[in-house]
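Residues per chain are reported as follows:
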Amino acid sequence: MASAPLRPLARSNRPTRSNRRVGLMAGGLALAMLGLGWASVPLYRMFCQATGFGGTTQRISEEQARTVNVSARTISVRFDGNVDKGMPWRFGPEQITQTVRLGARTMAVYSAKNTSDRPVVGRASFNVSPDEAGKYFTKIECFCFTEQRLEPGQDIRMPVTYYVDPDILKDPEAKAIQQITLSYTFHEDRATAAK
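Residues numbered from 1 in each chain as written. Predicted model: local features only at pLDDT ≥ 70, side-chain atom pairs only at ≥ 80, totals over all residues. Heavy atoms only, no water.

For the rest of this paragraph, the subject is the side chain of Q95. Topologically, Q95 is positioned in the loop between β3 (89-93) and β4 (97-101). Judged by its relative accessible area of 17%, Q95 is buried. For Q95, the residues in contact, after removing those within four places along its chain, are F79, A108 and V109. (Helix = DSSP H or I, 4+ residues; strand = E, 2+ residues; numbered from the N terminus. Buried < 20%, exposed > 50% of the residue type's maximum accessible area, 1.4 Å probe, protein only. Contact = heavy atoms within 4.5 Å.)

Now the structure itself:
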């Protein structure tokens, strides 16, 4: 008895339901990862501002600052200023330290000079150390909130208005801090300068 030749099974060109489901799940996962990547910087910034992580300072309005109670306790604030490598500015604080009462609005002044023969736009990055003090160091006004454009040879004075929140005394990890350092580094923004 002769057997009939075997024929390959016919396959449908249509994907099965399970293949379609896997494809949709992979596509959805890819879109979710893309969205998370796009949102990671603002989410990280919000996290740092809420927790003071990495020495990130707080920011409030003048009106909100008026509601803060001033404490009798004082703390020393040290100021530091730097420029990124290759940036043609001199930049630094006009005072090295200030002793301030917790909750008292205080102003510090930095100065900058463009030492080049071209306009230079700079943007300041900042941090506070020790890191635990970041969530208690609150800025009301600061040159670091916007970019700074200096013409050739121009020099300017740039204030920062701040206070140290008295709630620092309630934090077991931060209440023993005796000095906070506020540090700025200016970076050149070549893209904005070219406009």
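This part is about the environment of G92. Here G92 lies in strand β3. Assessed through its relative accessible area of 14%, G92 is described here as buried. Taking the C-alpha atoms as reference points, G92 and A112, 20 residues apart in sequence, are found 6.7 Å from one another. Residues within four places of G92 in sequence aside, it is in contact with G81, Y110 and S111.

Let us look at the state of the cysteines. Within the structure shown, the criterion is met by one disulfide. Across the disulfide from C142 sits C144; the S-S distance is 2.4 Å. When the S-S torsion is 130°, as for the bridge of C142 with C144, the disulfide is right-handed. The pair formed by C142 and C144 is uniform in burial state, with each residue classed as buried. (Disulfide = S-S within 2.5 Å.)

Turning next to the packing of aromatic side chains. Each pair of aromatic rings is reported with the distance of its centres and the angle of its planes. For the structure shown, the criterion picks out twelve aromatic pairs. Aromatic side chains W89 and F186 sit 4.9 Å apart centroid to centroid with 55° between the ring planes, which places their arrangement in the tilted category. Here W89 is found in strand β3, whereas its partner F186 is found in strand β10 (residues 179-188), with 97 residues between them in sequence. An aromatic cluster is built from F79, W89, F91, Y110, F126, F137, F143, Y162, Y184 and F186, whose rings are joined through pairwise contacts. (Phe/Tyr/Trp six-rings, centres within 6.5 Å; stacked < 30°, edge-to-face > 60°.)

Moving on to the pattern of salt bridges. If you walk through the whole model with that rule in mind, you get six salt bridges. As a salt-bridge pair, R118 and E188 come within 2.7 Å of each other at their nearest N and O atoms. Of this pair, R118 sits in the loop between β5 (106-114) and β6 (120-129) while E188 sits in strand β10; the two residues are 70 residues apart in sequence, bridging distant segments of the chain. (Salt bridge = Lys/Arg side-chain N within 4 Å of Asp/Glu carboxyl O.)

Another point: the sheet that holds β6. Strand order across the open sheet formed by five strands is β4-β2-β10-β6-β8, with mixed pairing between neighbours. Strands at the two margins of the open sheet, each flanked by one partner only, are β4 and β8 (148-150). Averaged over all pairs of adjacent strands, the angle between their axes in this sheet comes to 30°, without regard to strand direction. Two strands pair when backbone bridges link them, and strand β2 (residues 74-83) and β10 are joined in this way by eight bridges, in the parallel orientation. Within β10, the residue paired with F79 across the bridge is L182. (Pairing = 2+ DSSP bridges. Axes fitted to C-alpha atoms, helices over the stretch in contact; angles between N-to-C directions.)

Soluble, globular proteins show a tendency: their nonpolar side chains are buried together. Core analysis: the largest hydrophobic core is formed by 32 residues, its most contacted members being F143 and Y184. Secondary-structure elements contributing two or more residues to this core are β2, β3, β5, β6, β7 (137-142), β9 (155-164) and β10. (Core = buried A, V, L, I, M, F, W, Y, C linked by side-chain atoms within 4.5 Å.)

This part takes up the pairing of β10. The buried count for β10 comes to seven of ten residues, which makes it a mostly enclosed element. Note that β6 and β10 share eight bridges and pair antiparallel. Bridge pairing in β10 places G122 opposite E188.

Along the polypeptide, A124 turns up in strand β6. For A124, a relative accessible area of 9% gives the class buried. Considering only alpha carbons, one finds A124 and Y184, 60 residues apart in sequence, at a separation of 6.1 Å. Here A124 is in contact with F143, C144, Y184, T185 and F186, once residues within four sequence places are set aside.

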